[in-house]
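# Examination of the molecular architecture
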Amino acid sequence: MQSDALVLVDVQKDFCPGGSLAVQSGDAVVPVLNGYVRLFMSKSLPVFATRDWHPHNHCSFTAYGGTWPPHCVQNTEGARFHPDLRLPGTAVIISKATTPQEEAYSGFQGTDLAAMLRKLGVRRLFIGGLATDYCVKNTVLDAVHAGFTAVLLMDAIRGVNLDPQDSQRAIEQMLGAGAFGITIEDIGQPARAEQS
Ligand code: VGL
Ligand code: ZN
């Protein structure tokens, strides 16, 4: 559909195994998201990728009164997208939480994302990535509140789970707010092993 866009949330090294704020099996979203990217590119639909892009002294870091270890610091290795993510050259990168004093879990918060989507005539967003219980959740909820139809990619999300139930609760909250849940088999070919 002409009014669809794919939104990849924070598929960054620091949220994957080996990173400073690693999400369990965070890297498992990568091959699945690559399948969605292929599908959207084949239909010439826009792809957006958000990234957590913190200054070194960001308020979410423990040393500055926050709850997280330093992660996704601007221009560091950990802030890079996962190397296996096949981000198209045409993908629009949305940097968020870029100022020291402000946390922003949502890709819409303090960014041009909504304006860019509206300019393109996008009405429905397919959203997946990291982490289910923080940035995916807040991005999906903001999408719904901004009037977009939000489709949660159930097979391409993983959560931090400070409490083991957090991801499940986040999913219930998103679906309860009006988001739809799908897997790639609902809209494309069944997933196959990645070709190298
Ligand atoms: C995120 C915790 C801290 C996320 C970002 O991308 O979900 N989580 N910063
Ligand atoms: Zn962060």
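Residues numbered from 1 in each chain as written. Chains lettered and ligands numbered in written order. Predicted model: local features only at pLDDT ≥ 70, side-chain atom pairs only at ≥ 80, totals over all residues. Heavy atoms only, no water.

### Here we look at the coordination of the zinc ion (ligand 2)
Every protein donor of the zinc ion (ligand 2) is listed here as Asp52 (OD), His54 (NE2) and His71 (NE2), and their distances to the metal cover 2.0 to 2.2 Å. Angles of 86 to 171° at the metal separate the four donor atoms of the zinc ion (ligand 2), which places the site in the irregular class. Look at where the donors of the zinc ion (ligand 2) fall in the sequence and you get D-x1-H-x16-H. Of this pair, His54 sits in the loop between strand E2 (47-52) and strand E3 (92-96) while His71 sits in the loop between E2 and E3, placing them 17 residues apart in sequence. (Donors = N, O, S within 2.8 Å, 3.2 Å for Na, K, Ca; no water. Tetrahedral: all angles 85-135°; square planar, octahedral: opposite > 155°, others 65-115°. Helix = DSSP H or I, 4+ residues; strand = E, 2+ residues; numbered from the N terminus.)

### Topic: the state of the cysteines
A complete count under the given rule lists zero disulfides for this structure. Here Cys59 is not disulfide-linked; the sulfur of Cys135 is the nearest cysteine sulfur, at 13 Å. Here Cys72 stays unpaired: no disulfide links it, and the sulfur of Cys135, its closest cysteine neighbor, is 8.6 Å away. (Disulfide = S-S within 2.5 Å.)

### Some details on the nonpolar core
Formed by 33 residues in total, the largest nonpolar core has its most connected members in Leu6, Leu8, Leu33, Tyr36 and Leu153. Here this core gets seven residues from one element, more than from any other, and that element is helix H1 (residues 29-42). With residues up to four places along the chain from it excluded, the contact list for Leu153 reads Leu6, Leu33, Tyr36, Phe126, Ile127, Gly128 and Ile182. Membership of the second largest hydrophobic core comes to 25 residues, among which are Val9, Val136, Val144 and Met174. (Core = buried A, V, L, I, M, F, W, Y, C linked by side-chain atoms within 4.5 Å. Buried < 20%, exposed > 50% of the residue type's maximum accessible area, 1.4 Å probe, protein only. Contact = heavy atoms within 4.5 Å.)

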